[in-house]
Amino acid sequence: MAFDSFRDWINQLDRAGELRRITQPVATELEITELADREMKRPGGGQALLIEQPTVNGVVSPFPVAINTLGSHQRMAMSMGAESVDAVAAELGALMKAKPPTSMAEAMKLLSLALDLRHAKPKVVSYGPCKEVIHLVDSPKLRVESWPKAPDWQNPSTINSKPSTLLNLPILKCWPLDGGRFITLPCVVTQDPDTGDRNLGMYRVQIYDNQTTGMHWQLQKVAARHGRRYYERGERMPVAIFLGGDPMYPFAATAPLPDGLDEFLLAGYLRKKSVELVKCETNDLEVPANSDFVIEGYIDPQEPLRDEGPFGDHTGYYTLPEPYPVFHVTAITHRRDAIYPATIVGIPPMEDFYIGGASVKLFLPIFKMNFPEIMDIALPAEGVFHNLVFVSIRKTYPMQAYKIMHGLWGMGQMMFTKYIIVVDDDVDVHNTSDVLFRLCANTDPQRDSIFTKGPSDVLDHATSEIAAGSKLGIDATKKLPGEGFKRSWPPLINMSDEVRRKIDSIFGGRH
Ligand SMILES: Cc1cc2nc3c(=O)[nH]c(=O)nc-3n(C[C@H](O)[C@H](O)[C@H](O)COP(=O)(O)O)c2cc1C
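Because the structure is a prediction, the values reported are computed rather than measured.

Reading the values: the criteria
- Residues numbered from 1 in each chain as written.
- Predicted model: local features only at pLDDT ≥ 70, side-chain atom pairs only at ≥ 80, totals over all residues.
- Pairing = 2+ DSSP bridges.
- Helix = DSSP H or I, 4+ residues; strand = E, 2+ residues; numbered from the N terminus.
- Axes fitted to C-alpha atoms, helices over the stretch in contact; angles between N-to-C directions.
- Contact = placed C-beta atoms within 7 Å.
- Core = buried A, V, L, I, M, F, W, Y, C linked by C-beta atoms within 7 Å.
- Buried ≥ 20, exposed ≤ 12 C-beta atoms within 10 Å, placed from the backbone.
- Near = placed C-beta within 6 Å.
- Nonpolar A, V, L, I, M, F, W, Y, C, P; charged D, E, K, R; others polar.
- Domains from an automatic or database assignment.

**Some points on the sheet that holds strand β23 (residues 388-393)**
Okay, step 1: The strand order across the open sheet built from five strands is β22-β23-β24-β26-β25, with neighbouring strands paired in mixed fashion. A strand with exactly one partner marks an edge of an open sheet, and here the two such strands are β22 (374-378) and β25 (449-455). Between one strand axis and the next, the sheet turns by 20° as a mean value, whatever way the strands run.
Okay, step 2: Contacting β23, β24 (419-424) and β26 (468-475), helix α11 (residues 432-442) crosses the sheet at an angle of about 85° to β24.

Put into structure tokens, the structure is as follows:
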């Protein structure tokens, strides 16, 4: 289901009873975080929040803030216009079933082809509502159209009616020790200068001043690779950041697609309508015509990197300042009635748990094509995305669990996984208690574990060196004779079906 705007998505959440409107003024400095954190910690992720009167330095912003819009399984499914993310995953898997791939690279090629066939290819149009208000930075002639009338819920006397600059957008300062305000749901568009391939990624943006920001693409991410090429070529790197529009845009931006596969293709497939793109005002990049805000600019390879952070991060800890490129703003364009989308990260569970979980479900069929023995994969909230992975397999030969561990560590962003626990196919990997029971019951720690080394998440504060660390894999499956196990493996205790049925028939569901 395609949404025409972020407001359209918000209205859909409202109709479904998934939205809570906050009518009182709430400060973008810390207060929205406190409100949203309490909501995200509710069972199942709580509701989405629309803060109708966010204040920036005490002044009400003309733009409401929406937060936690993807923060539940239900809302993730709604954003895809589906009953469940599993249903979407099954359809995506079926698209490629006709010709099972023989390798991961081939699986990705097939995925790209399959998405193309579904008319998911983005198309370029000449105009979009994201250009309703255009503010050219650094230009003597500012093209700023008049501000929209304040929506009903706002108190017109307190509205900040200055043209939009980075400093009067309702950008959050999330946590007390944060180094400033951060755009937390930015969709960042870059291009490979050699091939012209586009990338869409989500990398947080720290506001330094009215015209410059940090650009936190971590070294293993695609935009960082693009950036390195611009540095090598000594050319200015065009960058476009957009916010809002269809909720599939931020989802696609976070999805760990392989380098070279256009995220707008995935977004188009998921919303069942190809994404319409418009060219930016001050560079040649293209952004969705129906986005709410677009911040255009560039990175100058001559300019030294600048410290970014600290920032209260996904890990539940602050990430300390590290040098990142500086982004210079050349234009801000937006809808008249734009809604500013935000999220917060911190001690889990947070909204990102549901976003990451949907990605895993969607890509499970592709994992399974390469590793047919994989039954299911779970990334529990405590592991914050990829720190901890539970995987169930149908084991048929010795050492198969180790094959899966190495395979996963070698697959895209699964390289960041610190701990992989492999269990048999009768374990529900989404039930952490069940996995821990098998881990404790089925392992001889020394025999069943393996340590290895690899790249680690830049955000991981526990590794001795940034971005490099070790990994632990544990085989909690039933051991086979070929694995050096000389004893008999005992059966798991289970009541017989006959007795269960009898007790059910006598006592029903009461016992
Ligand atoms: C809310 C949120 C914020 C994120 N912030 C960052 C970030 O600041 N830097 C980063 O490198 N990745 C960040 N990520 C993860 C990337 O978006 C993710 O790894 C994505 O696949 C990167 O795209 P790429 O593979 O095209 O580079 C964030 C993810 C989420 C859900």
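Let us keep going from here.
**Observations regarding the nonpolar core**
Okay, step 1: Core analysis: the largest hydrophobic core is formed by 125 residues, its most contacted members being Cys187, Ala252, Leu266, Val287, Tyr340, Val391 and Val422.
Okay, step 2: Per-element accounting of this core gives the leading share, 10 residues, to helix α9 (residues 351-370).
Okay, step 3: In contact with tyrosine 340, not counting residues within four places along its chain, are Phe63, Pro64, Val65, Leu169, Pro170, Leu243 and Phe293.

**Describing the site of the ligand**
Okay, step 1: Taken together, 21 residues lie around the ligand, and Gly201, Met202, Arg204, Gln218 and Lys221 are the ones closest in.
Okay, step 2: Among the elements of the structure, β9 (198-201), α6 (222-233), α7 (248-254) and α9 are those that each provide at least two residues to the shell around the ligand.
Okay, step 3: Tallied by class, residues from the shell around the ligand come to 10 nonpolar, eight polar and three charged.

**Some points on the domain arrangement of the protein chain**
Okay, step 1: Domains assigned within the protein chain are domain 1 (6-342) and domain 2 (371-483).
Okay, step 2: The gap between the C-alpha centroids of domain 1 and domain 2 is 32 Å.
Okay, step 3: A per-class count over the side of domain 1 that touches domain 2 returns five nonpolar, six polar and one charged.

**A short note on the sheet that holds strand β13 (residues 276-279)**
Okay, step 1: Taken together, the three strands give an open sheet; going across it, the order is β5-β13-β14, and neighbouring strands pair in mixed fashion. Each edge of the sheet is formed by a strand with only one pairing partner; in this case those strands are β5 (123-124) and β14 (286-288).
Okay, step 2: The pairing of β13 with β14 spans three bridges and is classified as antiparallel. Bridging across to β14, lysine 279 finds its partner in glutamate 286.

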